[in-house]
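So the chains spell out like this:
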Amino acid sequence: MLPVRSSPSTAGLTRGALPDSDLAIRWRSARPPAELVHLDSAAAARSSHAVLDAVTAHLGRESRLGGYVAAEAARPAIQAGRAALAGLFGRQPEDLVFVESASAALTALLAAWRLSAGSRVLVGGGEFGPNLTLLASVGVRVEVLPGCDDAGHLDPVALAGRLAEDPPELVHLCAMGSHRGVVQPVRELASVCRAAGVPVVVDAAQALGPVDCRVDADAIYGTSRKWLGGPRGVGFLAVAPELAARLRPARGASSGGADAPVAALESREAFVAGRVGLAVAVAEHLAAGPERIRDRLTEIGAHTRAAIDGVGGWSVVEPWDEPSATTTLRPPTGSGDQRVAQACHDLLTRHRILVTAAGPDRAPREASAATLRVSPHLDVSAGEIDALAAALATC
Ligand SMILES: *Cc1c(COP(=O)(O)O)cnc(C)c1O
């Protein structure tokens, strides 16, 4: 077992300042001022003025010109968004389709894949609970590769061993789960699968933003509203051409046909204004610089963990230097899930601080208790983290 927590001295972390950077200032000034301390980007990040304006402008065109005329006019903007998102996954524009959510992406993919009942699918211990339900609903058998440490990191060597010994039909990997801020070595894990000739699908719903998602996967999917700060109600799925050729989408599902199996996965009726808004959010992400964003989110995570670990008896689950901005907290010893739910409620109603109470159902194969999930974005200030620490001391 590896140690869960890097010692603050080796990680170079102290309970110090989080100096405002240009990136933080620009991210903040691009948005409406928050009416509370918003530390919940892993649930839904705050959209910028430009994203909100793009959505409302499109809705206005739908009303003035008709929904289908407006959609035609929005086509270039949506295509630009498609190309930009595909690029974040290291894919071509024609490999990517828009759906309604990350779950809708996995549903569409599994429906078109038509794995035979009883097929074996290997997942990590931190697999997202609703994904397990979706996999079960198509009749496949789920097997679990446990993490190699207390934090739940997956080990590429252990994965390679498992695939050599007893290869499953498919590996499904959550690059980051919903229940903790642990980042999986997803590029290495995916290349192990590729080398073993086992198809690999990656859930990037939490990872797109904190993690470099240019992964050599057969399929990868995510959602607009989390770290990208796009509108709710939009998700996306990128499929590698080799897998696309094997998919058999239901005919007439969409505008695509037999020669365009990926396009056939795109939902036909859709929140078009949301796709337009997402295109703007992705352009903002690229303009700010994905690598700078990742670095700042890592810095925010380190600062947050150092500032709140141990406060009021709440303890940080992640290693302090985990490269994400998501921090999860276990309640003081002896208190249960109810304490976490109550703290989440009190933080919001008494202190105007928004976080999530993440129940164990989010990762039932790994989590046995709820955690309080804190997920600040680039615009967070040191003062807001101090406010969280002060409030936690009283929870
Ligand atoms: C949020 C989330 C999902 C589901 O995303 P939706 O867009 O709500 O369907 C899937 N996986 C993980 C890890 C998530 O955090």
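Attention here is on the structure that accompanies the text.

What counts, and at which threshold
Residues numbered from 1 in each chain as written. Predicted model: local features only at pLDDT ≥ 70, side-chain atom pairs only at ≥ 80, totals over all residues. Heavy atoms only, no water. Buried < 20%, exposed > 50% of the residue type's maximum accessible area, 1.4 Å probe, protein only. Helix = DSSP H or I, 4+ residues; strand = E, 2+ residues; numbered from the N terminus. Pairing = 2+ DSSP bridges. Core = buried A, V, L, I, M, F, W, Y, C linked by side-chain atoms within 4.5 Å. Phe/Tyr/Trp six-rings, centres within 6.5 Å; stacked < 30°, edge-to-face > 60°. Lys NZ or Arg CZ within 6 Å of the ring centre and 35° of its normal. Contact = heavy atoms within 4.5 Å. Polar contact = N/O pair within 3.5 Å; in protein donor to acceptor, adjacent residues only side chain to side chain. Salt bridge = Lys/Arg side-chain N within 4 Å of Asp/Glu carboxyl O. Axes fitted to C-alpha atoms, helices over the stretch in contact; angles between N-to-C directions.

1. A look at the pairing of strand E8 (residues 235-239)
Part 1 of the argument: Among the 5 residues in E8, 5 count as buried, and that is most of the element.
Part 2 of the argument: Burial along E8 is two-sided: Gly235, Leu237 and Val239 facing one way and Phe236 and Ala238 facing the other are all buried.
Part 3 of the argument: In the sheet, strand E2 (residues 96-99) pairs with E8 via 4 bridges, with the strands oriented antiparallel. In the sheet register, Val97 faces E8, and the bridge partner there is Leu237.
Part 4 of the argument: As paired elements, strand E7 (residues 219-223) and E8 share 5 bridges and run antiparallel to each other.

2. Re the nonpolar core
Part 1 of the argument: Grouped together as the largest cluster of nonpolar side chains are 44 residues, with contacts concentrated most on Leu85, Phe89 and Phe236.
Part 2 of the argument: Among the elements of the structure, helix H4 (67-88), E2, helix H7 (156-165), strand E5 (170-174), helix H8 (186-196), strand E6 (200-203), E8 and helix H10 (272-288) are those that each provide at least two residues to this core.
Part 3 of the argument: With 6 residues, the single largest contributor to this core is H4.
Part 4 of the argument: With 37 residues, the next largest nonpolar core counts Ile293, Leu297, Trp314 and Ala391 among its residues.

3. Re the packing of aromatic side chains
The description of an aromatic ring pair uses the distance of the two centres, along with the angle that the planes make with each other.
Part 1 of the argument: Here the structure, examined in full by the defined rule, presents 1 aromatic pair.
Part 2 of the argument: For the ring pair Phe89 and Phe236, a centre distance of 6.0 Å and an interplane angle of 45° mean the geometry is tilted. Separated by 147 residues along the polypeptide, Phe89 in the loop between H4 and E2 and Phe236 in strand E8 bring together distant segments of the chain.
Part 3 of the argument: On the accessibility criterion, Phe89 (1% relative accessible area) is buried.
Part 4 of the argument: Sitting over the face of the ring of Trp27, Arg31 holds its NZ or CZ atom 4.1 Å from the ring centroid.

4. Description of the environment of Ser47
Part 1 of the argument: Relative to the helices and strands, Ser47 resides in the loop between strand E1 (37-38) and helix H3 (49-65).
Part 2 of the argument: Considering only alpha carbons, one finds Ser47 and His345, 298 residues apart in sequence, at a separation of 24 Å.
Part 3 of the argument: What Ser47 contacts, discounting residues up to four positions off in sequence, is Arg31, Pro32, Leu52, Gly229, Gly230 and Pro231.
Part 4 of the argument: Here Gly229 takes part through its backbone oxygen, which lies 2.8 Å from a polar atom of the side chain of Ser47.

5. Observations regarding the pattern of salt bridges
Part 1 of the argument: Scanning all chains against the criterion turns up 19 salt bridges.
Part 2 of the argument: Taking the shortest distance from any N to any O, the salt bridge between Asp20 and Arg28 comes out at 2.9 Å.
Part 3 of the argument: Here Arg162 and Glu143 are joined by a salt bridge, their closest N and O atoms 3.7 Å apart. Of this pair, Arg162 sits in helix H7 while Glu143 sits in strand E4 (residues 141-145), and the two are 19 residues apart along the sequence.
Part 4 of the argument: Overlapping salt bridges, with partners in common, bring together Arg91, Arg194, Asp216, Asp218 and Glu242 in one network.

6. Describing the sheet that holds strand E12 (residues 356-358)
Part 1 of the argument: With respect to topology, 4 strands assemble into an open sheet ordered E9-E10-E13-E12, the strand pairing being antiparallel. Two strands in the sheet have a free side with no partner beyond their single neighbour: strand E9 (315-316) and E12.
Part 2 of the argument: Note: E9 against strand E10 (residues 327-330), 2 bridges, orientation antiparallel. Note that in E10 the partner of Ser315 across the bridge is Arg330.
Part 3 of the argument: Contacting E9, E10 and strand E13 (371-374), helix H11 (residues 290-308) crosses the sheet at an angle of about 20° to E10.

7. Remarks on the pairing of E4
Part 1 of the argument: Both strand E3 (residues 120-124) and E4 contribute to a ladder of 5 bridges, which runs parallel. Looking at the pairing, Leu122 lines up with Glu143 of E4.

8. Observations regarding the sheet that holds E7
Part 1 of the argument: One open sheet holds the 7 strands; their spatial order is E2-E8-E7-E6-E5-E3-E4, and the pairing between them is mixed. In this open sheet, the two strands that pair with only one neighbour each are E2 and E4. Here the average twist between neighbouring strands, direction ignored, is 20°.

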